[in-house]
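Chain residues, written in single-letter form:
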Amino acid sequence: LQALDVGVVCVGADWRVTFANAAWRAASGGAPEPVGTLLWTLLPGLAGGPADDALRDVLYDGRPRAVRVEHHRGRADDRAPATLDVRIVRTPAR
């Protein structure tokens, strides 16, 4: 996962980030260490919308989903949001 050139963030059943690869860290613009952070804090654009529904649906039925979300890096009025194509898959629990 570290070698991929696309950002990867993994979360546990408690919605806390358990892993973020180098591509994610580079794309996040120097954001603080994400491991241990709630997904909804790291990517607030996911909460309460189609991505939130997709995340919960994948957790429930295990079928992968793809959604597009806007992500503001810092204050919303500082710069235009980034558009993220998010692919959601459930992996077996360790």
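Rules used throughout
Residues numbered from 1 in each chain as written. Predicted model: local features only at pLDDT ≥ 70, side-chain atom pairs only at ≥ 80, totals over all residues. Heavy atoms only, no water. Patch = residues over 30% accessible without salt bridge, like charges linked within 9 Å, V, L, I, M, F, W, Y side chains within 5 Å. Areas by Shrake-Rupley, 256 points an atom, 1.4 Å probe, with all protein chains shown as cover. Salt bridge = Lys/Arg side-chain N within 4 Å of Asp/Glu carboxyl O. Helix = DSSP H or I, 4+ residues; strand = E, 2+ residues; numbered from the N terminus. Phe/Tyr/Trp six-rings, centres within 6.5 Å; stacked < 30°, edge-to-face > 60°. Buried < 20%, exposed > 50% of the residue type's maximum accessible area, 1.4 Å probe, protein only. Polar contact = N/O pair within 3.5 Å; in protein donor to acceptor, adjacent residues only side chain to side chain. Contact = heavy atoms within 4.5 Å. Expected span 1.5 Å × (residues − 1). Arc of directions from axis to C-beta.

Novice: Is there a simple way to think about a nonpolar patch on the surface in this case?
Specialist: Side chains of Leu1, Leu4 and Val6 sit close together on the surface and give an oily, nonpolar patch of about 280 Å² of accessible area. Along the chain, the position of leucine 4 falls in the segment before strand E1 (9–11).

Novice: Any chance you could explain the packing of aromatic side chains here in plain terms?
Specialist: Think of a pair of aromatic rings as described by two things: how far the centres are apart, and how the planes are tilted against each other in angle. Applying the stated criterion across every chain yields a total of one aromatic pair. Between tryptophan 15 and tryptophan 40, the ring centres sit 5.1 Å apart and the planes meet at 50 degrees, which makes this aromatic pair tilted. One end of the pair, tryptophan 15, is in the loop between E1 and strand E2 (17–20); the other, tryptophan 40, is in helix H2 (residues 39–42), and 25 residues separate them in sequence. Each member of the pair tryptophan 15 and tryptophan 40 is classed as buried.

Novice: Can you walk me through the side chain of asparagine 21 in this structure?
Specialist: Along the chain, asparagine 21 turns up in the loop between E2 and helix H1 (22–27). A distance of 3.0 Å separates the side chain of asparagine 21 from the backbone oxygen of leucine 1, its partner in a polar contact. From its side chain, asparagine 21 meets the backbone nitrogen of tryptophan 24 in a polar contact 2.9 Å long. Residues within four places of asparagine 21 in sequence aside, it is in contact with Leu1, Gln2, Leu4, Val6, Gly7 and Val8.

Novice: Would you mind showing me how to read helix H3 (residues 50–61) here?
Specialist: In an α-helix, one turn spans 3.6 residues, which is why side chains three or four residues apart end up on the same side. The terminal C-alpha atoms of H3 lie 16 Å apart, and with twelve residues this matches the ideal 16 Å at 1.5 Å per residue to within 8%. Taken residue by residue, H3 has Ala51, Asp52, Ala54, Leu55 and Val58 as its buried positions. Axial view of H3: buried residues confined to an arc of 165 degrees, hence all on one face. Turned more than 90 degrees away from the buried face of H3, the exposed residues are Pro50 and Tyr60. Positioned one or two residues after H3, glycine 62 has a phi angle of 80 degrees, which is positive.

Geometric values such as these leave the question of function open.
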